[in-house]
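Architecture and fold: a report
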Amino acid sequence: SNSSYKWRRVLLKVSGEALAGDQTQNIDPKVTMSIAREVAAVTRLGIEVAIVVGGGNIFRGSSWAGSSGLDRSSADYIGMLATVMNAMFLQSTMESIGIPTRVQTAFRMSEVAEPYIRRRAVRHLEKGRVVIFAAGTGNPFFTTDTAAALRCAEINAEVVLKATNVDGVYDDNPRHNPNASLLETLTYQDVMSRDLSVMDMTAITLCHENNIPEDMGVCVFLLGIPSSWRVMPCEEGAYD
Ligand code: UDP
């Protein structure tokens, strides 16, 4: 039983940027393996894990729109396809260490993955499978952060955890500003009024409106360090 944990079902957002690690390739297999191991450890506790994967390591629609006659919608569809590549890679890595995994795409690519069907996704989770949601929301002009907030609300997950390559939410970009300080706690109001870029505003608003807990400040965790999921402050929430 998983009743001793605060969260029964979590939605993990893995950004494309995190998947790239410090490699020159788009995907660092050390990173996908580290994610797979952490997810395995959490699922072993009986906590259900759904994942929304980004694509920014391969293609980001907004930065390509306009070039060579590419309109924003086409660029965004290419970006969504990039998330499917990441999802399939992550799925293979997870299955290589024995985690049953399903990929569901927001638009149909039925030769390689299931289409997104909410009830079916929930059923997979109940059976202990990890579900990776790919292709974002299926709509251009959105982001995978928003897809994470949306899927979290749809499947009744209790929290969105964002996996990225900094160890928490800072008041400024810690990579550019050495004086940026780590925020111990965070409210939706803080994110909006201080214009923090931890997740885009559409995602933040969706989480807020659906009462998804606002303790994201303690939930963003460092990837690439084995067991970080368990040793980061996140633990205090997850293992009540
Ligand atoms: N994208 C989209 N609609 C969505 C999700 C993603 O159009 O619902 C496109 C968009 O072009 C985006 C790209 O897919 O730039 C990759 O996703 P994102 O930038 O969110 O990935 P991350 O920042 O997490 O790596």
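Please refer to the structure higher up on the page.
Since we're looking at a predicted model, the values are computed, not measured.

**Focus: the site of the ligand**
Around the ligand, the surrounding shell holds 21 residues, and the nearest of these are G56, D76, T137, N139 and T144. In the environment of the ligand, an oxygen atom lies 2.7 Å from a nitrogen or oxygen atom belonging to the backbone of G56. One nitrogen or oxygen atom from the side chain of T137 is found 2.6 Å from an oxygen atom belonging to the ligand. Bound to the protein, the ligand loses 94% of the 520 Å² it would expose on its own. Of the pockets mapped on this structure, the ligand occupies the largest pocket. Elements with a contribution of two residues or more to the shell around the ligand: α1 (16–20) and α4 (72–96). Per-element accounting of the shell around the ligand gives the leading share, three residues, to α4. Residues of the shell around the ligand, tallied by class, amount to five nonpolar, 12 polar and four charged.

**What to know about the pairing of strand β2 (residues 48–53)**
Of all six residues in β2, six are buried; the element is thus mostly enclosed. Alternating residues of β2 divide into E48, A50 and V52 and V49, I51 and V53, and every residue in both groups is buried. Inspection of the sheet shows strand β1 (residues 9–14) paired to β2 by six bridges, in the parallel sense. Each residue of the ladder has a partner; that of R9, found in β2, is E48.

Basis of the calculations
- The numbers attached to residues start from 1 for each chain and follow its sequence in the written order.
- In keeping with the predicted nature of the model, local features appear solely for residues at pLDDT of at least 70, side-chain atom pairs appear and are counted solely at 80 or more, and the whole-chain, interface and lining totals rest on all residues.
- Only heavy atoms go into the side-chain values, all of them from the structure, while hydrogens and water stay out.
- We define proximity as follows: a residue is near a molecule or strand when any one of its heavy atoms falls within 4 Å of that partner.
- Here a polar contact means two N or O atoms within 3.5 Å. Within protein one must be a hydrogen donor candidate and the other an acceptor candidate, and residues neighboring in sequence count only if both atoms are side-chain atoms.
- Methods summary: accessible areas were calculated by the Shrake-Rupley approach with a probe of 1.4 Å, and residue burial reflects only the protein chains presented.
- Residues are said to line a cavity or pocket when one of their atoms sits within 4 Å of a point; the points come from a 1 Å grid over protein atoms alone, cavities being sets where a 1.4 Å probe fits but cannot get out and pockets being open sets with protein on both sides within 12 Å along at least five of seven lines.
- The rule for placing a molecule in a cavity or pocket is simple: more than half of its atoms must lie within 2 Å of the grid points.
- Secondary structure follows DSSP: runs of H or I at least 4 residues long count as helices, runs of E at least 2 residues long count as strands, and numbering of each begins at the N terminus.
- Note on residue classes: Ala, Val, Leu, Ile, Met, Phe, Trp, Tyr, Cys and Pro are nonpolar, Asp, Glu, Lys and Arg are charged, and everything else, Gly too, is polar.
- Note on classification: 1.4 Å probe, protein chains only; a residue is buried when its accessible area is under 20% of the maximum for its type, exposed when over 50%, partly exposed between these limits.
- Whether two strands pair depends on DSSP finding at least two bridges between them.

It is worth stressing that arrangement in space is one thing and function is another; only the former is reported here.
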